[in-house]
Amino acid sequence: MTDHAGLVSAAGAVQRRQIYADPAVYEQELERIFGRCWLFLVHESQIPQPGDFFRTFMGEDDVLVVRQKDGSIKAFLNTCTHRGNRLCRADRGNARAFACNYHGWAFGTDGALVNVPLEKDAYFNEIDKTRFGLVEVDQVASYKGLVFGCFDKNAPSLSEYLGDMKWYLDVWLDAQPGGTALIGETQKVELMTNWKLPVENVCGDGYHLGWAHAGAMKAVQSMDFSGFTVGNASVDLEGGLSIAGLNGHSLLATVDGVSGYSFYPDNAGILRYLEQNRPTAIERLG
Ligand code: FES
């Protein structure tokens, strides 16, 4: 058990590098953070039909998220309850059942064990199939299209967990009527780094933009980088906010809501769309 005292000093705004490298710290994070928090799984638009499934991870656990016949969504550990073989190897798709490729046990989309090959010969018809359904993620809930799962059945509700962060999510998810959808395929990138580094990068580190992305910015010099001077420290930090203290959640945002789009070529349509819809957004969000 790692003694966390002294690893992070909020008052001094410093932290020991051990928090990124110590396997013992990571083990505790898997249990105390990934084992208890609500974790994002999928957008509802990715699994619209009964039987649609999507494979993802909760911490280190491979998880199968499945649209049910009644329209609800369940999530299961993607592991066969016979001898622990990986059950589904596709990233996404539609299935009437999931059959294990080791001995052929088959599970319904609701996780129930529905077929055991050679049930009479191998088990004398005595196996109680109700005991061997897939292990279900304790809580699954959705917030305006975003589906989350939680391994802790005693955890607060998703709504409570998101808290004030919901308002910021609404800016993105609910500023206009009609909801949101994911367009195109999911992109997955494997980073050989501790999980906290990318989180900190996108939630609190606008400081790196002009330097770390200088190469990309120079490669697309046709774009308008108003507000940014590539490769030096004169990034317009006053145009952005790092917002934290939201029940453990945090984000980066631009103050005017549009300057981030100055990077995109042909951005006139985007800016026009935002301007046209601003009154509706104000009406809905305040
Ligand atoms: S491990 Fe899956 S059927 Fe045996």
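Shown above is the structure to which this text applies.
Residues numbered from 1 in each chain as written. Predicted model: local features only at pLDDT ≥ 70, side-chain atom pairs only at ≥ 80, totals over all residues. Heavy atoms only, no water.

Draft legend 1. Region of the structure containing the packing of aromatic side chains. All told, the structure shown has six aromatic pairs when counted by the stated rule. Geometrically, the ring pair formed by F40 and F148 is edge-to-face, given 5.8 Å between the ring centres and 75 degrees between the ring planes. Placement of F40 in strand β3 (residues 39-43) and of F148 in strand β12 (residues 146-150) is noted, with a sequence separation of 108 residues between them. When its relative accessible area of 9% is taken as the criterion, F148 is described as buried. Here the aromatic rings of F53 and F98 are separated by 5.3 Å at their centres, their planes lie at 75 degrees, and the arrangement is edge-to-face. (Phe/Tyr/Trp six-rings, centres within 6.5 Å; stacked < 30°, edge-to-face > 60°. Helix = DSSP H or I, 4+ residues; strand = E, 2+ residues; numbered from the N terminus. Buried < 20%, exposed > 50% of the residue type's maximum accessible area, 1.4 Å probe, protein only.)

Draft legend 2. Structural view of helix α9 (residues 268-285). Between its first and last C-alpha atoms α9 spans 24 Å; for 18 residues at 1.5 Å apiece the expected length is 26 Å, and the two agree. If you look at α9, its biggest bend is around 45 degrees, right at R278, and the proline P279 turns up within four residues after that. Turning to α9, its buried residues are N277, A281 and L285. Residues of α9 that are buried sit in contact with α5 (165-173). One or two positions beyond α9, positive phi appears at G286, with a value near 85 degrees. (Expected span 1.5 Å × (residues − 1). Bend = angle between axes of the 7 residues up to and from the residue. Contact = heavy atoms within 4.5 Å.)

Draft legend 3. Broad picture of the nonpolar core. Ranked by size, the top nonpolar core spans 30 residues in total, and within it W38, L41, V42, V65 and L169 carry the most contacts. Ignoring any residue separated from it by four or fewer positions in sequence, one finds W38 in contact with Q139, V140, A141, F148, G149, C150, A155, P156, S157, L158 and Y161. L64, C80, A95 and F98 belong to the second-largest nonpolar core, a separate cluster that totals 16 residues. (Core = buried A, V, L, I, M, F, W, Y, C linked by side-chain atoms within 4.5 Å.)

Draft legend 4. Up close: the environment of L30. You can see L30 is positioned in helix α2 (residues 23-34). A relative accessible area of 18% means that L30 is categorised as buried. Spatially, the C-alpha atom of L30 lies 6.2 Å from that of G59, the residues being 29 residues apart in sequence. Each residue touching L30, except ones within four places of it in the same chain, is listed here: G35, G59 and E60.

Draft legend 5. A look at the pairing of β3. Here β3 lies mainly inside the structure; four of its five residues are buried. The pairing of β3 with β12 spans four bridges and is classified as antiparallel. Pairing of F40 across the sheet is with F148, part of β12. (Pairing = 2+ DSSP bridges.)

Draft legend 6. Broad picture of the sheet that holds strand β9 (residues 106-108). An order of β8-β9-β10 is seen for the three strands of this open sheet, with the pairing classed as antiparallel. Edge positions in the sheet fall to β8 (97-99) and β10 (113-115), since each of these pairs with one other strand and no more. In this sheet, adjacent strand axes meet at a mean angle of 35 degrees when their direction is disregarded. In terms of strand pairing, β9 meets β10 through two bridges, oriented antiparallel. Bridge pairing links A106 to N115 in β10. (Axes fitted to C-alpha atoms, helices over the stretch in contact; angles between N-to-C directions.)

Draft legend 7. Broad picture of unusual backbone geometry. Despite not being glycine, L118 has its phi angle at roughly 55 degrees, a positive value. Here L118 is to be found in the loop between β10 and α3 (119-123). Residues other than glycine seldom take positive phi values, yet N247 does so here, at roughly 60 degrees. The topology assignment puts N247 in the loop between β13 (240-246) and β14 (249-254).

Draft legend 8. Region of interest: the sheet that holds strand β6 (residues 73-77). Read from one edge of the open sheet, four strands run β6-β5-β4-β7, paired in antiparallel fashion. The two strands at the open ends of the sheet, each matched to only one other strand, are β6 and β7 (92-94). In this sheet, adjacent strand axes meet at a mean angle of 30 degrees when their direction is disregarded. Looking at chain direction, strand β4 (residues 52-58) and strand β5 (residues 61-67) are connected through six bridges and run antiparallel. By the bridge assignment, T56 is partnered in β5 with V63.

Keep in mind these numbers describe shape, not what the thing actually does.
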